[in-house]
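Analysis of the macromolecular model
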Amino acid sequence: MPSALRESVEFQNPEYLAVLPIAGLLLLIGFLVFAVRLRLRPARTHGSSYPLLGHIKFWFLAVAAMAVLAVAAARPFWVFGGSSFKRGDVDVVVAIDASASMWVQDLGQSRLELAVREVLNLYTLDILTPGDRVALFVFGTTALRQVHMSSNAERFIEQVGQVAPPGSLSGDAFPWDSDVAAAFEHIYQSLDNQDRFESGDEEWQPEERSDRLVLLLTDGDFAADAEQLARLDEALTEFRRRGLTVYPVAIGSRTGVELDIVLQEYVRGVDYDETLEADLEGIRTVLNTDGLGMLETRLGGSSFIIDSAGLSADSFLQNVINSHRSVTFQLIPAEDTQEIWQWVVTLAVVLFVLAMLFY
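Now for a look at the structure at hand. (Residues numbered from 1 in each chain as written. Predicted model: local features only at pLDDT ≥ 70, side-chain atom pairs only at ≥ 80, totals over all residues. Heavy atoms only, no water.)

1. Side note on the packing of aromatic side chains
All chains considered together, the criterion is met by six aromatic pairs. Plain terms: the ring middles of phenylalanine 184 and phenylalanine 239 are 5.0 Å apart, the flat faces sit at 35° to each other, and that makes the pair tilted. Taken together, the positions of phenylalanine 184 in helix 6 (residues 180-199) and phenylalanine 239 in helix 7 (residues 226-242) put the pair 55 residues apart, joining distant regions of the chain. Accessibility expressed as a relative area gives 0% for phenylalanine 184, which makes it buried. Using a relative accessible area of 0% as the deciding quantity, one classes phenylalanine 239 as buried. (Phe/Tyr/Trp six-rings, centres within 6.5 Å; stacked < 30°, edge-to-face > 60°. Helix = DSSP H or I, 4+ residues; strand = E, 2+ residues; numbered from the N terminus. Buried < 20%, exposed > 50% of the residue type's maximum accessible area, 1.4 Å probe, protein only.)

2. A short note on empty space enclosed by the protein
For the coordinates displayed, the defined rule picks out one cavity of 30 Å³ or more. If you add up the space inside the largest cavity, you get close to 30 Å³. Every residue lining the largest cavity is listed: Val94, Glu118, Val119, Leu122, Leu215, Leu217 and Leu317. Counting only elements with at least two residues in the lining of the largest cavity, the list comes to helix 4 (111-124) and strand 6 (212-218). Ranked by residues supplied to the lining of the largest cavity, first place goes to helix 4 with three residues. Looking at the lining of the largest cavity residue by residue, the classes come out as six nonpolar, no polar and one charged. (1 Å grid on protein atoms, 1.4 Å probe; cavity = no way out; pocket = protein on both sides within 12 Å on 5 of 7 lines; lining within 4 Å. Points joined across faces, edges and corners; volume = space filled by probe spheres on them. Nonpolar A, V, L, I, M, F, W, Y, C, P; charged D, E, K, R; others polar.)

3. Remarks on the pattern of salt bridges
Within this structure, the stated rule accounts for 20 salt bridges. Between arginine 111 and aspartate 219 there is a salt bridge, with its nearest N and O atoms 2.8 Å apart. Taken as a pair, arginine 111 in helix 4 and aspartate 219 in the loop between strand 6 and helix 7 lie far apart in primary sequence, 108 residues in all. Residues glutamate 258 and arginine 284 are paired through a salt bridge, measuring 3.0 Å at the closest nitrogen-oxygen approach. Highlighted residues: glutamate 258 in strand 8 (residues 257-258) and arginine 284 in strand 9 (residues 284-285), separated in sequence by 26 residues. On the basis of relative accessible area, arginine 284 is assigned to the partly exposed category, the value being 44%. (Salt bridge = Lys/Arg side-chain N within 4 Å of Asp/Glu carboxyl O.)

4. Examining the packing of helix 7 against helix 9 (residues 290-299)
At a closest axis distance of 10 Å, the pairing of helix 7 and helix 9 adopts a crossing angle of 40°. Considering the angle they form, helix 7 stands oblique to helix 9. As helix 7 runs across helix 9, the sense of the crossing is right-handed. Contacts from Leu232, Asp233, Leu236, Thr237, Phe239 and Arg240 of helix 7 reach helix 9 at Met294, Leu295, Arg298 and Leu299. Here the contact of helix 7 with helix 9 is built from residues that sort into six nonpolar, one polar and three charged. (Axes fitted to C-alpha atoms, helices over the stretch in contact; angles between N-to-C directions. Parallel < 35°, antiparallel > 145°, perpendicular 65-115°, else oblique. Left-handed = near helix turned anticlockwise from the far one by under 90°. Contact = heavy atoms within 4.5 Å.)

5. Notes on a nonpolar patch on the surface
A surface patch of nonpolar side chains, about 440 Å² in accessible area, is lined by Leu25, Leu28, Ile29, Leu32 and Val33. Topologically, leucine 32 is positioned in helix 2 (residues 19-40). (Patch = residues over 30% accessible without salt bridge, like charges linked within 9 Å, V, L, I, M, F, W, Y side chains within 5 Å. Areas by Shrake-Rupley, 256 points an atom, 1.4 Å probe, with all protein chains shown as cover.)

6. With respect to the sheet that holds strand 3 (residues 91-97)
Read from one edge to the other, the open sheet built from six strands follows the order 5-4-3-6-7-10, with strand pairing classed as mixed. The sheet terminates laterally at strand 5 (143-150) and strand 10 (304-306), the two strands that pair on one side only. The mean angle between the axes of side-by-side strands here comes to 15°, regardless of whether they run parallel or antiparallel. Bridge count between strand 7 (residues 245-251) and strand 10: three bridges; the pairing is parallel. Note on strand 10: the bridge partner recorded for alanine 250 is isoleucine 305. The strands touched by helix 6 within the sheet are strand 3, strand 4 (133-139), strand 5, strand 6 and strand 7, with strand 5 carrying the most contacts at an inclination of about 35°. (Pairing = 2+ DSSP bridges.)

Here it is, written out as structure tokens:
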């Protein structure tokens, strides 16, 4: 009960509470005097009258009234509290497919622009909150870590804003494949390296965690040979070992478009070799969810499809991220308060009146 009162009652002028120790000392003196008088009192005889307290009861009531007035002067007020649930922090890995198929504008905007929009919504819509950490990986033929796992939102947003097609295609093999196996390998290895460094333990070993997840933004348009499939299978096994669940956001139209349309943004012979046009002729890129369904089956996640520029995955992202937050129960004081010093003054007056009546 005293603990509950400390959490529920606050004082506007707590300096007046310094009177309480003095009141306690006066009460102690009163009890000592009462004990001495009780010991020295003559033996009871026939017709004698010895009240138990006598006039000293005025002392006790007066001191009690002084203590209560001191509490009233401290201006106590009642704080209304309420129970609430507090969600824990999460680690979010964002993996963006930046291959050439993501540059096509079959949804009005390019698939890559829509992916960047969804990722930025993590902060603009407060899906991620202070304390959450986020990492950024971009992949094509290879995978690159752009931001290590950190709560630095400004750096993350800055790097996401820079994810775009290159200014020139000459000598750049990065955009012409989507090696998702390499991306997954790089993700769990990078997380392991950071966790090992942060632990400071050379014998550190990865363990299963429930507060981490991977958001994969892609069109699913990647072909994998036998060697890539074997690597992907091994990477997914490592993901399961660490409790990493992948939530794909698939972006693109189901009808698709010719891949060589991306060359319209570049100058032939300057930004790309003329043979590239022949290599891309006849290749069509479409939204492919078959491979993403395999990820759901293996890791137990779920996916969201953006096949129209008017769709957004913000609700989906908020739900899956919150599903990885731990939940704790706590008492949170509300802003509503009620002053109770008037009732304390009334009690002091009652005690003082009683002291006068029984004197």
